[in-house]
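Each chain is listed here by its residues.
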Amino acid sequence: MSEIKKFMFVNRKAPYGTIYALESLEVVLITAAFDQDVSLVFLDDGVFQLKKGQQTKGIEIKNFSPTYRALEGYDVEKLYVMKESMEARGLTEDDLLVPVTVLTGAEMGALMDEQDVVLSF
Amino acid sequence: MSEIKKFMFVNRKAPYGTIYALESLEVVLITAAFDQDVSLVFLDDGVFQLKKGQQTKGIEIKNFSPTYRALEGYDVEKLYVMKESMEARGLTEDDLLVPVTVLTGAEMGALMDEQDVVLSF
Amino acid sequence: MLHIVNKSPLENSSLESCLNVATSGDVLLIEDAVYAATTGNGFEPKLLAAMGKVKVYVLQPDLDARGMGDRLVAGVTSVDYSGFVDLTTTNNTCQSWL
Amino acid sequence: MLHIVNKSPLENSSLESCLNVATSGDVLLIEDAVYAATTGNGFEPKLLAAMGKVKVYVLQPDLDARGMGDRLVAGVTSVDYSGFVDLTTTNNTCQSWL
Amino acid sequence: MKFGIVVNEGPYQHQSSDSAYLFAKAAIAKGHEVWRVFFYHDGVNNSSALTEPPQDDRHIVNRWSKLAEEHNVDLVVCVAAALRRGIKDENLAKGFRISGLGQLVEAGTKTDRLVTFGD
Amino acid sequence: MKFGIVVNEGPYQHQSSDSAYLFAKAAIAKGHEVWRVFFYHDGVNNSSALTEPPQDDRHIVNRWSKLAEEHNVDLVVCVAAALRRGIKDENLAKGFRISGLGQLVEAGTKTDRLVTFGD
């Protein structure tokens, strides 16, 4: 693919309750492999995807959270978390698996406006 | 089936956006056909199921709301709507397709406690 | 950009999230989100407040299907599927608040 | 009776509806609803208020899966799947707030 | 006690099917009987014999089949819901059977407890 | 304009597939091109050849097949999502093809607009 576009992945759902977080991550990896400009944003319950210490043995579902740590290796480095969403869930940056940039809702809206393609699952 | 039990069907979802309302109605009809004691309760967005004047031609989905009017013919006569849910949606009893008994949340909770089987879709 | 919302605001927080993030542009309510644009619903005050910064549209076929065609909140613009397509072309991108 | 809730209270209104209707009995939080029983979440005050009339349980495996095992709100009782089964037998009926 | 279980969502997309399965297994481990699992709505997709998850993932369909075989659990798929979603005898996994909604009503009348899992 | 459409939910259970179809039809009616529809997550269930809704209901699967035939729309089903949910070539409806997630990325790069429908 010759064109390079700005892809934003909007993650708004908690992990495990539904498969969206996992299957979204699969798209992110492929999009990065196609050398596109990838941003991931986490807002609402999506911030829970990045919570440290996930232990899924008791629900017999694979823990896919280590993949977030591996994103850097795929040159996916733009990770944004919405401040208000994090605060409403009693979370701080220290609770998250990876370093992120924290944005306010308005800043996130502005960032969204700059994209070529916005994908939401 | 010799046993007669008190079945309550809890309808909490709007019609058309998802299929639950329609497929729930199919279970209600069968349960009545098996001569069980059937109650239907409508709360939260479920009260929208009973809204008069549904015109589904533009979305190419079958309008199943006339079935609520037919329930009486199947001896399904216990229909309850939660007062707070109706009010929060700007609806009154006049907006509904069928006569219902209006209950407060607490009254609905008490009615739920009396059932043998509660089914929610 | 165009923000598309498809969930009832009385059951799900996605419309509220959308309105917190969208600082400008168009918001289109489809499927169960159309209830947000009906008079007397509990979310109405929040929708009215947001109408200062975004323009709100509603998909009429979804409103009609739900028997709510006659109670549209003033200031909300009704569109059919053809108008929905137009909104995706007049805006550069669209985000679905699923 | 036993009320089973499986949705995040920050995204969906089902837990709030449940707590408005349930005047007594047990409430079990499973799947994404377990977030309601974690300290510092926005729904915590409403959960604490409800704990005067209902007893609240949370499914520990779902809490652990989400990395929230160490931040359970005080007064909420944690159960495993075996305890979930017990709750359905000690109560006469159960309603899932889907 | 005698349990009936209702599953309203398909495998993988929602956790409901996993929760239902782990509940059933725990009930059986405690000496209860899981008399019937009724698959309704998208729940009928739990019975597709063609399902092939990644190797490192749980196989939700086979897990149900095995539970049925080992503990004599009656796995019933709603025929109307199944036809709407492309589940027929030709792609039905082992241990499942397709039948009518009356089987759900019966699960309500014949069991001590009916527990529903869905979205 | 050239459109890409993403469908994330199966037929009947959610309205998303209906909305996506009516949007596609309206876009074509206005002279736009619907270049590709990508079916992801439970959306893959839109492609089951075994689907048989009641006679008085719309046939969501056939409707997609017909759209593809008449307007040359590329209907792509994600292979990983499809295997997880029991969709394979043997039960794939006419006009659909199974392929990888790269086809979704391509739908993003090669079209003017990408519109997502889901739950």
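Residues numbered from 1 in each chain as written. Chains lettered and ligands numbered in written order. Predicted model: local features only at pLDDT ≥ 70, side-chain atom pairs only at ≥ 80, totals over all residues. Heavy atoms only, no water.

Overview of the overall build of chain C
Inference 1: On a plain count of helices and strands, chain C comes out with four helices and five strands.
Inference 2: Shown N-terminal to C-terminal, the secondary structure of chain C runs as helices and strands in the order β-α-β-α-β-α-β-α-β.
Inference 3: Against the 2.2 N^0.38 benchmark of 13 Å for 98 residues, chain C shows a C-alpha radius of gyration of 12 Å, consistent with a compact globule.
Inference 4: Its C-alpha atoms put chain C at 30 × 30 × 25 Å along the principal axes.
Inference 5: When burial is assessed residue by residue, chain C has 69% of its 98 residues classed as buried.
Inference 6: Put simply, 70% of the contacts in chain C that link residues at least 6 apart link residues at least 24 apart.
Inference 7: Taken as two groups, the 6 positive and 11 negative side-chain charges of chain C have centres that lie 7 Å from each other. (Helix = DSSP H or I, 4+ residues; strand = E, 2+ residues; numbered from the N terminus. Rg over C-alpha atoms; globule rule 2.2 N^0.38 Å. Buried < 20%, exposed > 50% of the residue type's maximum accessible area, 1.4 Å probe, protein only. Contact = heavy atoms within 4.5 Å. Lys, Arg positive; Asp, Glu negative; His and termini not counted. Charge placed at Lys NZ, Arg CZ, Asp CG, Glu CD.)

Some points on unusual backbone geometry
Inference 1: Although it is not a glycine, B:Glu60 sits at a positive phi angle of roughly 55 degrees.
Inference 2: With respect to the helices and strands, B:Glu60 occurs in the loop between strand S2 (37-42) and helix H2 (66-70).
Inference 3: Even without being glycine, E:Tyr12 reaches a positive phi, approximately 75 degrees.
Inference 4: Along the polypeptide, E:Tyr12 turns up in the loop between strand S1 (2-7) and helix H1 (16-29).
Inference 5: Look at E:Tyr12 and you get buried, because its relative accessible area is 3%.

Focus on the sheet that holds strand S1 (residues 2-5) of chain D
Residue and element names in this part refer to chain D.
Inference 1: On the basis of which strands lie adjacent, the open sheet formed by five strands has the order S4-S3-S2-S1-S5 and parallel pairing. The open sheet has two edge strands, strand S4 (77-79) and strand S5 (94-97), and neither has a second partner. If you compare each strand with its neighbour and ignore which way they point, the axes differ by 25 degrees on average. (Pairing = 2+ DSSP bridges. Axes fitted to C-alpha atoms, helices over the stretch in contact; angles between N-to-C directions.)

Side note on the interface of chain F and chain A
Inference 1: The interface is formed by 21 residues belonging to chain F together with 20 residues belonging to chain A.
Inference 2: Of the roughly 1,700 Å² buried between chain F and chain A, counting both surfaces, carbon and sulfur atoms make up 59%.
Inference 3: Applying the counting criterion to the chain F and chain A interface returns three salt bridges.
Inference 4: A salt bridge links A:Glu23 to F:Arg85; its shortest N-O distance comes to 3.1 Å.
Inference 5: Our count for the chain F to chain A interface comes out at ten residue pairs in polar contact (both at pLDDT 80 or more).
Inference 6: If you list the elements that add at least two residues to the side of chain F that touches chain A, you get helix H3 (79-84), helix H4 (102-110) and strand S5 (113-117) of chain F.
Inference 7: No other element matches the seven residues that H4(F) contributes to the side of chain F that touches chain A.
Inference 8: A breakdown of the residues in the side of chain F that touches chain A according to their chemical character gives eight nonpolar, seven polar and six charged. (Buried area = accessible area lost by both parts, 1.4 Å probe. Salt bridge = Lys/Arg side-chain N within 4 Å of Asp/Glu carboxyl O. Polar contact = N/O pair within 3.5 Å; in protein donor to acceptor, adjacent residues only side chain to side chain. Nonpolar A, V, L, I, M, F, W, Y, C, P; charged D, E, K, R; others polar.)

Comments concerning the layout of surface pockets
Inference 1: A volume near 890 Å³ is recorded for the largest pocket.
Inference 2: What lines the largest pocket is a set of 36 residues, and nearest its centre among them are C:Pro9, C:Glu16, D:Pro9, D:Ser13 and D:Glu16.
Inference 3: Among the elements of the structure, helix H3 (83-88) of chain A, helix H3 (83-88) of chain B, helix H1 (14-21) of chain C together with helix H1 (14-21) of chain D are those that each provide at least two residues to the lining of the largest pocket.
Inference 4: Class assignment of the residues belonging to the lining of the largest pocket gives a composition of twelve nonpolar, twelve polar and twelve charged.
Inference 5: Quantified by volume, the second largest pocket comes out at close to 370 Å³.
Inference 6: If you trace the second largest pocket, you find 20 residues lining it, with A:Leu22, A:Glu26, A:Lys62, A:Phe64 and F:Arg84 closest to the centre.
Inference 7: The element contributing the most residues to the lining of the second largest pocket is helix H1 (residues 20-33) of chain A, with four residues.
Inference 8: Of the residues in the lining of the second largest pocket, the class split is nine nonpolar, four polar and seven charged. (1 Å grid on protein atoms, 1.4 Å probe; cavity = no way out; pocket = protein on both sides within 12 Å on 5 of 7 lines; lining within 4 Å. Points joined across faces, edges and corners; volume = space filled by probe spheres on them.)

A word on empty space enclosed by the protein
Inference 1: The final tally for this structure, using the stated rule, is eight cavities of 30 Å³ or more.
Inference 2: Approximately 560 Å³ is the volume attributed to the largest cavity.
Inference 3: When its residues are assigned to classes, the lining of the largest cavity shows six nonpolar, 18 polar and 14 charged.
Inference 4: Empty space within the second largest cavity amounts to approximately 80 Å³.
Inference 5: Elements represented by at least two residues in the lining of the second largest cavity include exactly strand S5 (117-120) of chain A together with S5 of chain F.
Inference 6: Grouping the amino acids of the lining of the second largest cavity by side-chain chemistry returns four nonpolar, four polar and four charged.

Notes on the state of the cysteines
Residues and elements named next belong to chain D.
Inference 1: The full count for this structure, using the stated rule, is zero disulfides over all chains.
Inference 2: Cys-18 takes part in no disulfide bond, and the closest cysteine sulfur, belonging to Cys-94, lies 12 Å away.
Inference 3: By relative accessible area, which is 0% here, Cys-18 ends up buried. (Disulfide = S-S within 2.5 Å.)

Describing the side chain of C:Glu44
Residues and elements named next belong to chain C.
Inference 1: Locating Glu-44 in the fold gives a position in helix H2 (residues 44-50).
Inference 2: An unpaired buried charge is present at Glu-44: no salt bridge exists, and Arg-71, the closest side chain of opposite charge, is 9.4 Å distant.
Inference 3: Sequence-distant contacts of Glu-44, defined by excluding residues within four places in its chain, comprise Thr-38, Thr-39 and Val-73.

A word on the interface of chain B and chain F
Inference 1: Facing the ten residues of chain B at the interface are eleven residues of chain F.
Inference 2: Across the interface of chain B and chain F, roughly 940 Å² is buried in total on both sides, 47% from carbon and sulfur atoms.
Inference 3: At the junction of chain B with chain F, the criterion picks out three salt bridges.
Inference 4: Note that B:Lys62 is salt-bridged to F:Asp56, the shortest N-O span being 2.6 Å.
Inference 5: Connecting chain B to chain F are five residue pairs in polar contact (both at pLDDT 80 or more).

Thoughts on helix H2 (residues 60-71) of chain E
All names here are of chain E.
Inference 1: The end-to-end C-alpha distance of H2, which contains twelve residues, comes to 17 Å, matching closely the 16 Å that a straight helix rising 1.5 Å per residue would cover.
Inference 2: Taken together, the buried positions of H2 are occupied by Ile-60, Val-61, Arg-63, Trp-64, Ser-65, Leu-67 and Ala-68.
Inference 3: Buried residues in H2 make contact with S1, H1, strand S2 (33-39), strand S3 (74-78) and strand S4 (96-99).
Inference 4: Once H2 finishes, Asn-72 follows within two positions and takes phi at roughly 55 degrees, a positive value. (Expected span 1.5 Å × (residues − 1).)

As for the sheet that holds S2(E)
Inference 1: Strand order in the open sheet made by the five strands is S4-S3-S2-S1-S5 (chain E), with parallel pairing throughout. Edge positions in the sheet fall to S4 and strand S5 (113-117) of chain E, since each of these pairs with one other strand and no more. For this sheet, the mean inter-axis angle between neighbouring strands, taken without regard to orientation, is 25 degrees.
Inference 2: Pairing of S1(E) with S2(E) involves six bridges; the strand directions are parallel. Residue pairing for S2(E): E:Ile5 is matched across the bridge by E:Val37.
Inference 3: Set on the sheet, helix H4 (residues 81-90) of chain D makes contact with S1 and S5 of chain E; between it and S5(E) the angle comes to about 130 degrees.
Inference 4: Across the sheet, H1(E) is in contact with S1, S2 and S5 of chain E; its angle to S1(E) comes to roughly 170 degrees.

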